[in-house]
Amino acid sequence: MAYINVDSVKQRTFDAIVIGSGMSGGWAAKEFTGRGLKTLVLERGRDVKHIKDYPTTNMMPYEFEHRNELTYEIKQKEPVISRCYAFREDAMHFFVRDSEQPYVQEKPFDWIRGQQVGGKSLLWARQTQRWSDLDFEGPARDGFAVDWPIRYKDLAPWYSYVEKFAGISGNNDGLEELPDGEFLPPFPLNSVEDHFKKQLKAQYGNRHVISARCAHLSKPNQIHLDQGRAQCQNRILCQRGCPFGGYFSSNASTLPWAERTGNLTLVPHAVVREVIYDEKAGKATGVRVINSQTKEETEYYAPVIFVNASAFSTNQILLNSTSSRFPNGLGNDNGLLGKYVAFHNYRARITAEYEGMQEYATDGRNPAGGGYIPRFRNLHKQETDFLRGYAAGFRANRSMQEDTTGFGAELKKQLLNPTWGTWKVGSHMMGETIPKEESRISLSKEQKDAWGIPLLNIAIDYDENDNKMVADYHAQMEEMFTKAGFTNIQKTDSKQAPGLDIHEMGGVRMGHDPKTSLLNKYNQLHACPNVYVTDGACMTSTSTQNPSLTYMALTARAVDHAVSELKKRNI
Ligand SMILES: Cc1cc2nc3c(=O)[nH]c(=O)nc-3n(C[C@H](O)[C@H](O)[C@H](O)COP(=O)(O)OP(=O)(O)OC[C@H]3O[C@@H](n4cnc5c(N)ncnc54)[C@H](O)[C@@H]3O)c2cc1C
Ligand code: SF4
């Protein structure tokens, strides 16, 4: 006779399980615990406590062994992660090293991962824009990828809900293609950014430069102070973790809020290998977890499971969750799990100089990063030979310059009297890419990781649509820069591999039809409705906007649905 330790099973049984404690998992934890559900959050990385575990946050440049630069050895050993702009001495402890967690690049892909409590929410650049119906209706309009099962009106109240709690700075700009939100005061444009804004308005009418919308507390409300957060001090050292809680992260905001309810159990070092599917019950009953340190295996149980491990890791977990009902991965009846993956095309840049406005200079720092140019191509009709469009960042700055010619006293005098240089302006493209069936991730048949889980195989590439978009961005921006009086215009195409945008999406896409999608309009797996996916894996198309605000809104909406379904005993 087999004995079951009933107490042990009880201790490992919760009302809800959330896999991953990053941007979207933090929101799932907050929403479940706030509704009174005993919630288990499983995180494969180590614990990172707000403030206490930000070791570099107050360090001066000279305190870093290599003055915050990367050494030749690191670049050789970790070529992928070294290409990420934020991987420097001050924040490298928040990134996964290539050498420690390899993956298979069937085609080159720079996979940037942050695996610790808080995930990549510690590292992100905090750019936050709502999507509009231009984005949600894109696939239905041009027939590439399936129709989204939701529209802007379904998400609008949830955007408001998460914005109020997270704290987003910005202006209500009144643009149909970029809906307004619940904003804290914006970080203002500087004089040359404002000049460009006025020039575009005057010369085109329908092209705009707005203050970048950003998850920073420019002026905190009571709800932010209640979280223990304070006004952003414009230090721009955010990727180190902010001791003021000036920007939104799971560590500063959603997780401590969830903890305060007394309903949160957070287990770090817990690598979820698979979701357990019970054939008899016809639903998922829990998850199988390996302790990353001891390799001990444990099962946890709950009536509802949220998979928020970040887009590709979520695909990996579902592909690895096989059973006789789902031999090709959980919910994968149509064979599309891991397919129709897409990303953002960040290859193109343009820089120039401006001889005007010599009477002005910049003073202080703008943590929002300057201006944002919302998509202006193919808005109301197809006007180019490529599908969809691109948004762009825009910033202008001016720095002090020293004359280093000469010797002795003359040189000393020059060095002590720097003068302002010319204004430099720059922009980068954020292009939408089209999800295609051949853009896919799958499990390696040969190679496994240190915990016995098959490595992820990534086969994603640019296509002709992306190349045409780069050419159009360069042509349009050059025209716009010229009209604004900018000179010495330089265009570059970095030809970087996909991935450095850090906006990979799809593989478990939402849709109306179980034959062509994996998730329904509430982010439930069509074939296993007590499993929800609300991170980037659920995205049907990619839009041009930054995606994380949409993951947050989808997550809050899905938890609301899950709790109501649990109450009705529908799941
Ligand atoms: C430098 C940088 C700049 C960025 N800038 C922006 C920006 O300006 N705007 C924007 O919208 N987005 C930005 N992003 C992207 C943004 O960070 C992500 O979209 C967001 O964090 C994704 O949230 P997530 O919950 O899906 O994943 P994450 O935040 O990555 O969290 C996933 C968590 O799941 C855990 N996990 C993974 N596998 C398992 C497993 N098997 N078992 C248990 N736990 C697991 C991970 O350890 C991780 O903690 C940026 C990212 C970086 C790195
Ligand atoms: S800019 Fe603001 S959010 Fe970023 S580190 Fe400084 S105070 Fe914190």
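Looking up the chain in an unreviewed UniProt entry gives the name GMC family oxidoreductase, with the organism given as Rufibacter tibetensis. Under the Cofactor (unreviewed entry) heading, UniProt states for the chain: "FAD". Regarding the chain, the relevant UniProt record gives this comment under Sequence similarities (unreviewed entry): "Belongs to the GMC oxidoreductase family."

Now for the pairing of strand β12 (residues 339-342). Looking down a regular strand, the side chains alternate between one sheet face and the other. In this structure, β12 lies alongside strand β20 (residues 436-448), joined through two bridges in antiparallel fashion. In the strand pairing of β20, K339 is matched with R440. In the sheet, β12 pairs with strand β23 (residues 505-507) via three bridges, with the strands oriented antiparallel. Looking across to β23, one finds that K339 is bridged to G507.

Strand order across the open sheet formed by three strands is β8-β9-β10, with antiparallel pairing between neighbours. Two strands lie at the open edges of the sheet, namely β8 (270-278) and β10 (297-301), each paired on one side alone. Across the sheet, the mean angle from the axis of one strand to that of its neighbour is 30°, orientation sign disregarded. Relative to β10, strand β9 (residues 283-291) runs antiparallel, the two sharing five bridges. Of the residues in β10, the one forming a bridge with I290 is E297.

A few words on the UniProt feature "domain: Glucose-methanol-choline oxidoreductase N-terminal" (unreviewed entry) in the chain. The residues that UniProt annotates with the feature "domain: Glucose-methanol-choline oxidoreductase N-terminal" (unreviewed entry) are residues 105-323. Spanning residues 105-323, this segment combines 29% helix with 17% strand, and its end C-alpha atoms are found 27 Å apart.

Position of H208 relative to the elements: it lies in the loop between α8 (191-204) and β6 (210-211). Other than its neighbours up to four places away in sequence, H208 contacts L175, E177, L200, K201, Y372, I373 and P374.

We now examine the site of ligand 1. Close contacts around ligand 1 come from 38 residues, with S24, E43, A125, V272 and S548 the closest. S24 is positioned with one of its side-chain polar atoms (N or O) 2.7 Å from an oxygen atom of ligand 1. Q127 places a polar main-chain atom, nitrogen or oxygen, 3.0 Å from an oxygen atom of ligand 1. Expressed as a share of its isolated accessible area of 1000 Å², the protein-covered part of ligand 1 is 97%. Among the secondary structure elements, those contributing two or more residues to the shell around ligand 1 are α2 (23-34), β8, α11 (311-319) and α14 (548-567).

The next thing to look at is the domain arrangement of the chain. How big an interface is tends to be stated in terms of accessible area lost as the parts join. By domain assignment, the chain separates into domain 1 (1-46 + 112-169 + 216-343 + 502-570) and domain 2 (175-212 + 344-432 + 462-497). For domain 1 versus domain 2, the separation of C-alpha centres amounts to 34 Å. Surface buried jointly by domain 1 and domain 2 totals about 3000 Å² across both partners, of which 57% is contributed by carbon and sulfur atoms. If you sort the residues of domain 1 by the area they bury against domain 2, L134, F343 and T544 come out on top, with a joint share of 23%. In this structure, the connection of domain 1 to domain 2 is made through one salt bridge. Here R388 and D142 are joined by a salt bridge, their closest N and O atoms 2.7 Å apart. Where domain 1 packs against domain 2, one counts 15 residue pairs in polar contact (both at pLDDT 80 or more). When residues of the side of domain 1 that touches domain 2 are traced back to their parent elements, those giving at least two are α5 (133-136), α6 (138-142), α7 (152-166) and β4 (168-169).

Along strand β25 (residues 528-533), five of the six residues are buried, which leaves the element largely enclosed by surrounding structure. As paired elements, strand β24 (residues 524-525) and β25 share two bridges and run antiparallel to each other. Directly across from L525, in β25, lies its bridge partner C528. What sits between the antiparallel neighbours β24 and β25 is a turn of two residues.

This part is about α7. Look at α7: 20 Å from first C-alpha to last across 15 residues, which is about the 21 Å you get at 1.5 Å a residue. Those residues of α7 not exposed but buried are Y152, L155, A156, W158, Y159, S160, V162, E163, F165 and A166. Phi turns positive, to about 85°, at G167, one or two residues after α7.

Bringing the pattern of salt bridges into the picture now. Counted according to the given criterion, the structure contains 33 salt bridges. Ionic pairing is found between K30 and E31, a salt bridge with its closest N-O pair at 2.7 Å. For the pair K30 and E31, a shared accessibility class is recorded, and that class is buried. D333 is the partner of R325 in a salt bridge, and the nearest nitrogen-oxygen pair spans 2.9 Å.

Another point: the packing of α7 against α14. Two elements in contact, α7 and α14, have axes separated by 8 Å at closest approach and are oriented at 105°. In terms of orientation, α7 lies roughly perpendicular with respect to α14. Facing D154, L155, W158, Y159, Y161, V162 and E163 of α7, the residues of α14 in contact are L549, T550, M552, A553, L554, A556, R557 and D560. When the residues that make up the contact of α7 with α14 are grouped by side-chain class, the tally is 10 nonpolar, one polar and four charged.

The subject of this paragraph is the nonpolar core. By size, the foremost hydrophobic cluster in this structure holds 93 residues, and its most contacted members are V287 and F312. When residues of this core are assigned to their parent elements, the largest contribution, eight residues, is made by α7. In this structure, F312 is in contact with F109, W111, V341, I441, L456, I458, I460 and E504, ignoring residues within four places of it in sequence. Of all hydrophobic cores here, the second largest spans 28 residues; its members include L189, F386, F481 and F486.

Our focus in this paragraph is the site of ligand 2. Surrounding ligand 2, one finds 13 residues, the nearest of these being C232, R235, I236, C238 and C242. Here the shell around ligand 2 is built from residues that sort into eight nonpolar, four polar and one charged.

Time to look at the state of the cysteines. Counted according to the given criterion, the structure contains zero disulfides. With no disulfide of its own, C84 lies 14 Å from the sulfur of C238, the closest cysteine sulfur. The class for C84 is buried, based on a relative accessible area of 3%.

Here the focus is the environment of R12. In this structure, R12 sits in the loop between α1 (6-11) and β1 (16-19). Residues contacting R12, with those up to four places away along its chain left out, are T298, E299, Y300 and Y301.

Turning our eyes to something else, we now look at the environment of Q496. Its location among the elements puts Q496 in the loop between β22 (487-493) and β23. Taking the C-alpha atoms as reference points, Q496 and D47, 449 residues apart in sequence, are found 33 Å from one another. With sequence-adjacent residues up to four places away left out, Q496 is seen in contact with Y346, R347 and Y462.

Criteria and cut-off values
- Residues numbered from 1 in each chain as written.
- Chains lettered and ligands numbered in written order.
- Predicted model: local features only at pLDDT ≥ 70, side-chain atom pairs only at ≥ 80, totals over all residues.
- Heavy atoms only, no water.
- UniProt positions renumbered as here; feature names shortened; annotations may be inferred.
- Pairing = 2+ DSSP bridges.
- Helix = DSSP H or I, 4+ residues; strand = E, 2+ residues; numbered from the N terminus.
- Axes fitted to C-alpha atoms, helices over the stretch in contact; angles between N-to-C directions.
- Contact = heavy atoms within 4.5 Å.
- Near = heavy atom within 4 Å.
- Polar contact = N/O pair within 3.5 Å; in protein donor to acceptor, adjacent residues only side chain to side chain.
- Areas by Shrake-Rupley, 256 points an atom, 1.4 Å probe, with all protein chains shown as cover.
- Domains from an automatic or database assignment.
- Buried area = accessible area lost by both parts, 1.4 Å probe.
- Salt bridge = Lys/Arg side-chain N within 4 Å of Asp/Glu carboxyl O.
- Buried < 20%, exposed > 50% of the residue type's maximum accessible area, 1.4 Å probe, protein only.
- Expected span 1.5 Å × (residues − 1).
- Parallel < 35°, antiparallel > 145°, perpendicular 65-115°, else oblique.
- Nonpolar A, V, L, I, M, F, W, Y, C, P; charged D, E, K, R; others polar.
- Core = buried A, V, L, I, M, F, W, Y, C linked by side-chain atoms within 4.5 Å.
- Disulfide = S-S within 2.5 Å.

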